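Spelled out from the first residue to the last, the chains are:
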Amino acid sequence: MNEKQKRRLLWQVPFLVLLVIGTVLIISQQRNMPYQKCSGSIFGTVYNITYQYDKDIQQELEAKLQEVDMALSMFNRESVISKVNHNEDVKLNDMFLNVFNQAQQISADTDGAFDITVAPLVNIWGFGFKRGQTPSKPAIDSLRTIIGYQKVKYANGRIVKQDPRVMLDCSAIAKGYGVDVVASLLNDKGIKNYLVEIGGEISARGISEKRVPWKIGVTKPTDDAMATGGELQTVLNVTDKCMATSGNYRNFYYKGGRKYAHTIDPKTGYPVQHNILSATVLADHCARADAYATSFMVMGLERTRKVLEKNPDLMAYIIYDDNGQNRVWFSPSMKDKIQE
């Protein structure tokens, strides 16, 4: 080593020392920064948010959730979607349009298995605003004439319906979108470690308070799973991913000795009767995971596989019934996410 190289090395050493010290201080500061936790009610369900930050921002988070509620809640008479459903003049905000456009794209991709115009059928089957008798075939056939994502579009600043009776229902994508909105706010603040959960839909980033990646259980689909807390089918590593699960075990009722699931096939007008018990989807955005999880419950396993082939960003974990036995199928890309 010549003299010039030695002098250059001597000049570099202090900078390297400072870099190491700075890195140690940053890591130490991150370790000492507390994890904040908040929870509450939104969209007719509960939310739980954990994030590592030096101050409590629950008010900001709730304000964002209220914005989503004002755009997409069918149970809020003043929301944008409620006014669209009542055929009132209303300014369509960015949140509403974002979800509407995503929904229409996913509807096309799933050949109508996902359809935000399905609300009247959901209601008549007893999972919306009211519960009544099992609907008659003529009643279902009548409603099917106003169901279909092609019967509604966005044009010239407004939602145009082929029939004024068309209603929009974003409940199968709104929770996921709410998760995305909260995650975006946390990202904007430079927060690296968080878990956002709204009604079972999740976005996770970084590590937990225990300094390990975020892991979420998938409940074994049984009729009493929600009441008992649920035995786990598996545990997934969801760090830096979003996760949504749809399952007929989560919402159903019995009438006349028959079980009716909450997932309605928009094309037939009837609850789905195939063998998928639950569909868990991982994606980069929770709204997308939420909508596709519902779609897969409608589509069945074979059609689901075909859609997954077209969408490599999606990963699915499917539990299905095989002659009374629970079986599992999952995307090849999901293998590394399965913890047990």
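This text follows the structure it describes.
Note that the coordinates shown come from a computational prediction; the quantities given were computed from them, not determined experimentally.

Caption draft 1: A look at the overall build of the protein chain. Each helix and strand in the protein chain was counted, giving ten helices and 14 strands. Of all 340 residues assigned to the protein chain, the portion counted as buried reaches 49%. Expressed as a percentage of contacts within the protein chain between residues at least 6 apart in sequence, the contacts between residues at least 24 apart total 60%. Element-wise, carbon and sulfur atoms account for 51% of the exposed surface of the protein chain, whose accessible area totals about 17500 Å².

Caption draft 2: Expanded view of the environment of K151. Within the secondary structure, K151 sits in the loop between helix 6 (137–144) and strand 3 (152–155). In this structure the C-alpha to C-alpha distance between K151 and V166, which are 15 residues apart in sequence, comes to 7.9 Å. In contact with K151, not counting residues within four places along its chain, are R144, T145, I146, V160, K161 and Q162. At 3.3 Å, the side chain of K151 forms a polar contact with the backbone oxygen of I147.

Caption draft 3: The sheet that holds strand 6 (residues 201–205), seen in detail. Pairing is antiparallel across the open sheet formed by eight strands, whose spatial order is 1-2-5-6-9-12-13-14. Of all the strands in the sheet, just strand 1 (35–42) and strand 14 (325–330) have a single pairing partner and so form its edges. Pairwise comparison of adjacent strand axes, ignoring direction, gives a mean angle of 10° for this sheet. Bridge analysis of strand 2 (residues 45–52) against strand 5 (residues 194–198) gives five bridges, and the strand direction is antiparallel. Among the inter-strand pairings, Y51 is bridged to a residue of strand 5, identified as Y194. Against the sheet, helix 7 (residues 174–188) touches strand 2, strand 5, strand 6 and strand 9 (241–247), its axis set at about 155° to strand 5.

Caption draft 4: Spotlight on the pattern of salt bridges. Applying the stated criterion across every chain yields a total of 16 salt bridges. In this structure, D111 and K267 form a salt bridge, with 2.8 Å as the shortest nitrogen-oxygen distance. Residue D111 is found in the loop between helix 4 (94–109) and helix 5 (119–124), and its partner K267 is found in the loop between strand 11 (258–261) and strand 12 (276–283); the two are separated by 156 residues along the sequence. Here K267 falls in the partly exposed class, since its relative accessible area comes to 44%. Of the charged contacts in the structure, one is a salt bridge between R327 and D322, with a shortest N-O distance of 3.4 Å. For D322, a relative accessible area of 31% corresponds to the partly exposed category. Ionic contacts of the salt-bridge type, sharing partners, join the residues K137, D141 and R144 into one network.

Conventions adopted
Residues numbered from 1 in each chain as written. Predicted model: local features only at pLDDT ≥ 70, side-chain atom pairs only at ≥ 80, totals over all residues. Heavy atoms only, no water. Helix = DSSP H or I, 4+ residues; strand = E, 2+ residues; numbered from the N terminus. Buried < 20%, exposed > 50% of the residue type's maximum accessible area, 1.4 Å probe, protein only. Contact = heavy atoms within 4.5 Å. Areas by Shrake-Rupley, 256 points an atom, 1.4 Å probe, with all protein chains shown as cover. Polar contact = N/O pair within 3.5 Å; in protein donor to acceptor, adjacent residues only side chain to side chain. Pairing = 2+ DSSP bridges. Axes fitted to C-alpha atoms, helices over the stretch in contact; angles between N-to-C directions. Salt bridge = Lys/Arg side-chain N within 4 Å of Asp/Glu carboxyl O.

So far we have only geometry, and geometry alone does not tell us how the molecule works.
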